[in-house]
Amino acid sequence: MSRSRFSARFRELVGESPISYLASRRMGIAAERLALGYLRISDVAEEAGYGSDKVFARAFRRWCGMTPTEYLKSRGVERLGE
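Residues numbered from 1 in each chain as written. Predicted model: local features only at pLDDT ≥ 70, side-chain atom pairs only at ≥ 80, totals over all residues. Heavy atoms only, no water.

Caption draft 1: Region of interest: the nonpolar core. Residues Met27, Leu34, Val44, Tyr50, Phe56 and Phe60 are the most contacted members of the largest nonpolar core, which totals 16 residues. Mapped by element, the contributors of at least two residues to this core are helix 2 (18-35), helix 3 (41-47), helix 4 (53-64) and helix 5 (68-75). When residues in this core are grouped by element, the largest group, four residues, is from helix 2. (Core = buried A, V, L, I, M, F, W, Y, C linked by side-chain atoms within 4.5 Å. Buried < 20%, exposed > 50% of the residue type's maximum accessible area, 1.4 Å probe, protein only. Helix = DSSP H or I, 4+ residues; strand = E, 2+ residues; numbered from the N terminus.)

Caption draft 2: Looking closely at the environment of leucine 34. For leucine 34, the location among the structural elements is in helix 2. Overall, leucine 34 belongs to the buried group, its relative accessible area being 0%. Taking the C-alpha atoms as reference points, leucine 34 and glutamate 47, 13 residues apart in sequence, are found 11 Å from one another. When residues no more than four places from it in sequence are discounted, the contact partners of leucine 34 are Ile41, Val44, Phe56, Phe60, Pro68, Leu72 and Val77. (Contact = heavy atoms within 4.5 Å.)

Caption draft 3: Expanded view of the packing of helix 2 against helix 5. Packing of helix 2 against helix 5 leaves a shortest axis separation of 10 Å and a crossing angle of 55 degrees. One way to sum up the angle between helix 2 and helix 5 is to call them oblique. In this structure, helix 2 crosses over helix 5, and the sense of that crossing is right-handed. Between helix 2 and helix 5, the contacting residues are Ala31, Leu34 and Ala35 on the first element and Pro68, Tyr71, Leu72 and Arg75 on the second. Of the residues that constitute the contact of helix 2 with helix 5, the class distribution is six nonpolar, no polar and one charged. (Axes fitted to C-alpha atoms, helices over the stretch in contact; angles between N-to-C directions. Parallel < 35°, antiparallel > 145°, perpendicular 65-115°, else oblique. Left-handed = near helix turned anticlockwise from the far one by under 90°. Nonpolar A, V, L, I, M, F, W, Y, C, P; charged D, E, K, R; others polar.)

Caption draft 4: The packing of aromatic side chains, seen in detail. This structure, assessed with the given rule, holds six aromatic pairs. Measuring from centroid to centroid gives 5.8 Å for phenylalanine 6 and phenylalanine 10, while their planes differ by 45 degrees, and the two rings are tilted. Taken together, the positions of phenylalanine 6 and phenylalanine 10, both in helix 1 (residues 3-14) and four residues apart, correspond to about one turn of that helix. The interplanar angle of 65 degrees and the centroid separation of 5.6 Å between the aromatic rings of phenylalanine 10 and tyrosine 21 together place this pair among those described as edge-to-face. With phenylalanine 10 in helix 1 and tyrosine 21 in helix 2, this pair connects stretches of sequence that are eleven residues apart. (Phe/Tyr/Trp six-rings, centres within 6.5 Å; stacked < 30°, edge-to-face > 60°.)

Here it is as structure tokens:
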């Protein structure tokens, strides 16, 4: 199957492009990891495949509408060591 056919079929079945789906899954997992409260944002960013906290924070904000720090505050999560 060609990439373009795969992408079209994926979009047909899932409702979004493969890249969009992957990015959303990565951010969902990152949000879960952040909510645990014992990992630094930089650790979560690295686990999610981002080389920079700032790049991760921008991507997280696009996905969630708030920065990772704002997300944690809205969930009432207190991180260890801070």
